[in-house]
Amino acid sequence: MQITQDVNGDWPTLDEWPTVEADVTCRSPGCPVEGITFRETMYRNADGVLRAHCGRCNTPNDDIVEVSGA
Ligand SMILES: [Zn+2]
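Residues numbered from 1 in each chain as written. Predicted model: local features only at pLDDT ≥ 70, side-chain atom pairs only at ≥ 80, totals over all residues. Heavy atoms only, no water.

Trainee: Please give an account of the pattern of salt bridges that cites residues and values.
Mentor: Applying the stated criterion across every chain yields a total of four salt bridges. Here Arg44 makes a salt bridge to Glu66, at a shortest N to O gap of 2.9 Å. One end of the pair, Arg44, is in the loop between β2 (37-43) and β3 (52-53); the other, Glu66, is in strand β5 (residues 63-69), and 22 residues separate them in sequence. (Salt bridge = Lys/Arg side-chain N within 4 Å of Asp/Glu carboxyl O. Helix = DSSP H or I, 4+ residues; strand = E, 2+ residues; numbered from the N terminus.)

Trainee: Can you tell me about the confidence of the model for the chain, naming the residues and giving the values?
Mentor: Averaged over the chain, the pLDDT score is 90; the fraction of residues at 70 or greater is 96%. Looking across the chain, the model is least confident in β5, with a mean pLDDT of 88, and most confident in strand β1 (residues 19-25), with 94. (pLDDT = per-residue confidence, 0-100.)

Trainee: Go over the coordination of the zinc ion with me, naming the residues and quoting the values.
Mentor: For the zinc ion, the full set of protein donor atoms is Cys26 (SG), Cys31 (SG), Cys54 (SG) and Cys57 (SG), and the range of their distances to it is 2.2 to 2.4 Å. Relative to the metal, the four donor atoms surrounding the zinc ion lie at angles of 104 to 113 degrees, and the coordination shape comes out tetrahedral. Counting along the primary sequence, the residues that act as donors to the zinc ion give the motif C-x4-C-x22-C-x2-C. Remark: Cys57 occurs in the loop between β3 and β4 (60-61) and Cys26 occurs in the loop between β1 and β2; sequence separation between them is 31 residues. Given the relative accessible area of 5%, Cys26 is considered buried. (Donors = N, O, S within 2.8 Å, 3.2 Å for Na, K, Ca; no water. Tetrahedral: all angles 85-135°; square planar, octahedral: opposite > 155°, others 65-115°. Buried < 20%, exposed > 50% of the residue type's maximum accessible area, 1.4 Å probe, protein only.)

Shown next as structure tokens:
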């Protein structure tokens, strides 16, 4: 799903921005939460792609499984 500007060229406000539930798992070797899956509410990026950073090792998470959302 792509997020686009409305007819006035405005992007959705943060309140209107689509969120999704996703299971995010850190796969960084040695990270304290390596292999542990967290259910997160995430804002979808404008290009439709979900992105996350691990809060413990600050590495981009590439294991993001969308559960539900717009
Ligand atoms: Zn990590």
